[in-house]
2 protein chains.
Amino acid sequence: MERVDIAIVGSGPAGISAALNAQIRHKSFYLFGSGNLSDKVQRSEQIANVPAIGVISGAELNERFAKHIDEAGITVTQKHITGIYPMGDYFALLANQDDFYANSVILATGVETIKPLRGEREFLGRGVSYCATCDGNLYQGKTIAVICDNAPMEEEAAYLAGLAQKVYYLPLFQNSKLDADHCERLSSPIVEILGDQRVSAIRCKDEQNIAVDGVFFLKHSISPAVLLTDLNMEQGHVAVDRHMATNIKGCFAAGDCTGTPYQITKSLGEGNIVAHAAFAYLAQQNR
Amino acid sequence: MERVDIAIVGSGPAGISAALNAQIRHKSFYLFGSGNLSDKVQRSEQIANVPAIGVISGAELNERFAKHIDEAGITVTQKHITGIYPMGDYFALLANQDDFYANSVILATGVETIKPLRGEREFLGRGVSYCATCDGNLYQGKTIAVICDNAPMEEEAAYLAGLAQKVYYLPLFQNSKLDADHCERLSSPIVEILGDQRVSAIRCKDEQNIAVDGVFFLKHSISPAVLLTDLNMEQGHVAVDRHMATNIKGCFAAGDCTGTPYQITKSLGEGNIVAHAAFAYLAQQNR
């Protein structure tokens, strides 16, 4: 499969800013994200501190971002990256059952609004999954818990419900529509994932333990620490230097995932810096 | 005299971005700079990588910056800061004969395009001056060299020529108009400032030494290292951490003066970060 110069993971302000620079500099790249670019920008009521823009609604700003990248000839690859694997001098990125390859990676995933559960990171790959398409088949006829934090991904929960014998379902958004006989909604939040070698149960806030074979998280944004297990974090954020380099060679990060202030303008600026850092890295690697 | 929360030194993208945030957060501040905001932006032919803006000329972008800060009720204090003095828990800023006071400082001075001369920093205050109005009187009837890097400041060179007995003049721009009997234009650039306790001569590139009592630099942008003599620099840039803090308590920096990439979007982002860092500092100081 084709290997691009840069994989940009996230289509918010930092990802867009990086992509514009990559396009201008004629780099090959993926901009992984959503058709809506950034839900967080979209939902902002009013933004007054993006210089030269004036006072604007989030929805309108998001639309201007879309117009700008569209005019620049950039398309968003609408895939949910669920794992990133350093392969020496390049990276493999997994999105459900598709894989992608890039010489460098820019993490622009935003901040996860939901803290990882106890046990979530520990049991990843041993009963915890972020990918219905990849791992659903492993749970045919089994009992699973499914936590979904956004309406568009409920379709994946429905897919899982079609495979599993029993589903404990916890939607974290309004107006969930999933309905099946063997699908039981949890009335109490999950606080911990239990197990020994593999997941064996979930613990709910009401102190009830429920035996399960696996736990699926259908999340809009996955913590970079989960995407890339060897990534150094600092107080919940990706640890970066002034050039937005992480501890992993060829892997950079920008925007909210690197820390406060959680501000659009900050992310735009870091998207610019990180792109130039990636260009310098690629040049150094003679790419 | 009134002491404000923040003195922002420089009205380019970083300074503007910081000022917008300071205004939104109801901080008192000065935005020191030029009526034109940023000559560098103004002169850019085309800019394509400021997200949500599309492809735009520098002049038009500069105009949009002006419109945005104007609508936000921000005015530029059109003063040339020539020295910044840490006074313990506040700063004194000197602009010709005016002084200003602030609890914190944001350096957004841009990059100096002319490297400091050998001897320039060493003899500052001992024969080297950046301020015709402040120090001109000290050189009545004496011999001075005047280096001016921009046409609008030639008026200050003319003022000095009116005081000194002899002026060696080196304009670094086209169409210099200063003309006086005792004003001699140098045909060779100055490479070094010589002296012992004080300035005694300049050395020109043609290896000629010329005896002078003082040297005036009339510069559009003064290196932060000269403005604040204890400031830590790193390869010609202000050394900052991820929160844009310098080594001097209460003094922050953003934009081109902190290093590459020299990009408008990078400066806008750092202007956002630096403002929030200053707010945190002020809160910590109970201000």
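Residues numbered from 1 in each chain as written. Chains lettered and ligands numbered in written order. Predicted model: local features only at pLDDT ≥ 70, side-chain atom pairs only at ≥ 80, totals over all residues. Heavy atoms only, no water.

Novice: How should I be thinking about helix H1 (residues 13–24) of chain A in this particular structure?
Specialist: Residue and element names in this part refer to chain A. Between its terminal C-alpha atoms H1 stretches 17 Å, which fits the 16 Å expected from 12 residues at 1.5 Å a residue. When you tally the buried positions in H1, you get 10 out of 12 residues, the bulk of the element. Pro13, Ala14, Gly15, Ile16, Ser17, Ala18, Ala19, Leu20, Asn21 and Ala22 are the residues of H1 that are buried. Just past H1, the residue His26 takes up positive phi, approximately 55 degrees. (Helix = DSSP H or I, 4+ residues; strand = E, 2+ residues; numbered from the N terminus. Expected span 1.5 Å × (residues − 1). Buried < 20%, exposed > 50% of the residue type's maximum accessible area, 1.4 Å probe, protein only.)

Novice: I keep staring at the interface of chain B and chain A and nothing clicks. Help me out?
Specialist: Interface size is commonly expressed as the accessible area that is lost once the parts come together. Opposite the 31 residues of chain B that make contact, chain A presents 31 residues. On the chain B side of the contact with chain A, B:Pro51, B:Ala52 and B:Arg242 bury the most area, a combined 26% of that side's loss. Measuring nitrogen to oxygen at the nearest pair gives 3.1 Å for the salt bridge that ties B:Glu270 to A:Arg242. If you look at where chain B meets chain A, you find 17 residue pairs in polar contact (both at pLDDT 80 or more). In terms of residue count, helix H7 (residues 264–284) of chain B provides more of the side of chain B that touches chain A than any other element does, eight residues in total. (Contact = heavy atoms within 4.5 Å. Buried area = accessible area lost by both parts, 1.4 Å probe. Salt bridge = Lys/Arg side-chain N within 4 Å of Asp/Glu carboxyl O. Polar contact = N/O pair within 3.5 Å; in protein donor to acceptor, adjacent residues only side chain to side chain.)

Novice: Help me out: how do you make sense of H7(B) in this one?
Specialist: Because each turn of an α-helix spans 3.6 residues, side chains separated by three or four positions end up pointing in the same direction. Along its 21 residues, H7(B) runs 30 Å from first to last C-alpha, staying within 8% of the 30 Å computed at 1.5 Å per residue. Looking one or two residues past H7(B), B:Asn286 carries a phi angle of roughly 55 degrees, positive in sign.

Novice: Whenever I open this one, the sheet that holds strand E8 (residues 166–171) of chain B confuses me. Can you help?
Specialist: Where strands meet in a sheet, backbone hydrogen bonds hold them as pairs that are either parallel or antiparallel. Residue and element names in this part refer to chain B. On the basis of which strands lie adjacent, the open sheet formed by five strands has the order E6-E13-E7-E8-E9 and parallel pairing. With one partner strand each, in any of the chains shown, strand E6 (128–129) and strand E9 (183–185) form the two edges of the open sheet. The pairing of strand E7 (residues 143–148) with E8 spans six bridges and is classified as parallel. Bridge pairing in E8 places Thr143 opposite Lys166. Running over the sheet, helix H5 (residues 154–161) touches E7, E8 and strand E13 (214–218) and is turned about 165 degrees from E8. (Pairing = 2+ DSSP bridges. Axes fitted to C-alpha atoms, helices over the stretch in contact; angles between N-to-C directions.)

Novice: How should the relation of the copies chain B and chain A be read in this particular structure?
Specialist: A rotation about some axis, followed by a shift along it, carries one copy of the chain onto the other. At an RMSD of 0.1 Å, chain B and chain A line up after a rotation of 180 degrees and a shift of 0.0 Å along the axis. The superposition of one copy onto the other is thereby described by a two-fold rotation axis. Relative to the rotation axis, the C-alpha of B:Gly269 is the closest in chain B, positioned 1.9 Å from it. Take the interface residues of chain B: 100% of them recur as interface residues in chain A, which is what a same-surface contact looks like. (Least-squares fit on C-alpha atoms with pLDDT ≥ 70 in both.)

Novice: Can you walk me through the side chain of A:Ser188 in this structure?
Specialist: Residue and element names in this part refer to chain A. Summarising the element assignment, Ser188 is placed in the loop between strand E9 (183–185) and strand E10 (190–195). Polar contacts involving the side chain of Ser188 include one to the main-chain amide nitrogen of Lys205, which spans 3.1 Å. Apart from the residues lying within four places of it in its own chain, the contact partners of Ser188 are Leu170, Cys204, Lys205 and Asp206.

Novice: Is there a simple way to explain the environment of B:Gly110 in this structure?
Specialist: All names here are of chain B. Assignment of secondary structure puts Gly110 in the loop between strand E5 (98–107) and E6. Judged by its relative accessible area of 22%, Gly110 is partly exposed. In this structure the C-alpha to C-alpha distance between Gly110 and Ala254, which are 144 residues apart in sequence, comes to 8.5 Å.

Novice: Quick question: what am I supposed to make of the packing of helix H7 (residues 264–284) of chain A against H7(B) here?
Specialist: When two helices pack together, their arrangement is given by the angle between the helix axes and by the axis-to-axis distance. Packing of H7(A) against H7(B) brings their axes to within 7 Å, and their N-to-C directions diverge by 135 degrees. It follows from the interaxial angle that H7(A) and H7(B) lie oblique. Along this stretch, H7(A) crosses H7(B), giving a crossing that reads as left-handed. Taking contact as the criterion, the partners of A:Thr265, A:Lys266, A:Leu268, A:Gly269, A:Glu270, A:Asn272 and A:Ile273 in H7(A) are, on H7(B), B:Thr265, B:Lys266, B:Leu268, B:Gly269, B:Glu270, B:Asn272 and B:Ile273. Among the residues making up the contact of H7(A) with H7(B), the classes are represented as four nonpolar, six polar and four charged. (Parallel < 35°, antiparallel > 145°, perpendicular 65-115°, else oblique. Left-handed = near helix turned anticlockwise from the far one by under 90°. Nonpolar A, V, L, I, M, F, W, Y, C, P; charged D, E, K, R; others polar.)

Novice: Would you explain empty space enclosed by the protein in this entry?
Specialist: Empty space among the atoms becomes apparent when a probe as large as a water molecule is rolled across them. As enumerated under the stated definition, the model contains one cavity of 30 Å³ or more in all. Counted as a void, the largest cavity has a volume near 60 Å³. If you trace the largest cavity, you find it lined by A:Arg242, A:Met244, A:Lys266, A:Gly269, A:Glu270, A:Ile273, B:Arg242, B:Met244, B:Lys266, B:Gly269, B:Glu270 and B:Ile273. When contributions to the lining of the largest cavity are tallied by element, the ones reaching two or more residues are H7 of chain A together with H7 of chain B. The residue inventory of the lining of the largest cavity, partitioned by class, reads four nonpolar, two polar and six charged. (1 Å grid on protein atoms, 1.4 Å probe; cavity = no way out; pocket = protein on both sides within 12 Å on 5 of 7 lines; lining within 4 Å. Points joined across faces, edges and corners; volume = space filled by probe spheres on them.)

Novice: Got a minute to help me understand the confidence of the model for chain A in this structure?
Specialist: Interpretation of this model should avoid reading the predicted coordinates in detail wherever pLDDT is low. Summary statistics for chain A give a mean pLDDT of 93 and a share of 99% for residues scoring 70 or more. What the predictor reports for the complex is a pTM of 0.83 with an ipTM of 0.80. (pLDDT = per-residue confidence, 0-100.)

Novice: Help me understand the packing of aromatic side chains, please; the structure alone is not making it clear to me.
Specialist: Geometrically, a pair of aromatic rings is defined through the distance of the ring centres and the angle of the planes. Taken as a whole and assessed by the stated rule, the structure comprises 14 aromatic pairs over all chains. Aromatic pair B:Tyr90 and B:Tyr101: ring centres 6.1 Å apart, planes at 55 degrees, arrangement tilted. Here B:Tyr101 lies in strand E5 and B:Tyr90 lies in the loop between strand E3 (83–86) and strand E4 (91–95), a separation of 11 residues in the sequence. Taken together, the ring pairs in this structure connect A:Tyr30, A:Phe32 and A:Phe100 into an aromatic cluster. Directly above the ring of A:Phe217 sits A:Lys219, whose terminal nitrogen or CZ lies 5.2 Å from the centroid. (Phe/Tyr/Trp six-rings, centres within 6.5 Å; stacked < 30°, edge-to-face > 60°. Lys NZ or Arg CZ within 6 Å of the ring centre and 35° of its normal.)

Novice: Even after reading the chapter, I still don't get the sheet that holds strand E11 (residues 199–204) of chain A, so can you show me in this structure?
Specialist: Residue and element names in this part refer to chain A. On the basis of which strands lie adjacent, the open sheet formed by three strands has the order E10-E11-E12 and antiparallel pairing. Edge strands, defined here as strands with exactly one partner in the open sheet, are E10 and strand E12 (209–211). Here the average twist between neighbouring strands, direction ignored, is 25 degrees. Direction of pairing for E10 relative to E11: antiparallel, over a ladder of five bridges. Across the sheet, the residue bridging to Leu194 is Ala201, located in E11.

Novice: Whenever I open this one, the packing of H1(A) against H7(A) confuses me. Can you help?
Specialist: Residue and element names in this part refer to chain A. Contact geometry for H1 and H7: axes closest at 7 Å, N-to-C directions at 40 degrees. Accordingly, the angle class assigned to the pair H1 and H7 is oblique. Regarding H1 and H7, the two cross each other, and that crossing is right-handed. Along the contact surface, H1 presents Pro13, Ala14, Ser17, Ala18, Asn21 and Ala22, while H7 presents Ile264, Ser267, Leu268, Gly271, Asn272, Val274, Ala275, His276 and Phe279.

Novice: Looking at this model, I keep getting lost on the pattern of salt bridges. Mind explaining?
Specialist: A side chain with one charge can pair with a side chain of the opposite charge if their charged atoms come near. All names here are of chain A. One pass over the structure, following the stated rule, counts 20 salt bridges over all chains. The residue Lys219 makes a salt bridge to Glu120 at a minimum N-O spacing of 2.8 Å. Note that Lys219 is positioned in the loop between strand E13 (214–218) and helix H6 (224–227) and Glu120 in the loop between strand E5 (98–107) and strand E6 (128–129), a separation of 99 residues in sequence. Note on Glu120: relative accessible area 1%, which makes it buried.

Novice: Would you explain unusual backbone geometry in this entry?
Specialist: Excluding glycine, a negative phi dihedral is what most residues carry, and trans is how most peptide bonds are arranged. Cis rather than trans, the peptide bond between A:Thr260 and A:Pro261 has omega equal to -5 degrees. Mapped onto the elements of the fold, A:Pro261 is located in the loop between strand E16 (251–253) and H7. The backbone phi angle of A:Gln235 is positive, close to 50 degrees, even though this residue is not glycine. Accessibility expressed as a relative area gives 79% for A:Gln235, which makes it exposed. Within the chain, B:His26 stands out as a residue other than glycine whose phi angle is a positive 55 degrees. Position of B:His26 relative to the elements: it lies in the loop between helix H1 (13–24) and strand E2 (29–32). Assessed through its relative accessible area of 73%, B:His26 is described here as exposed.

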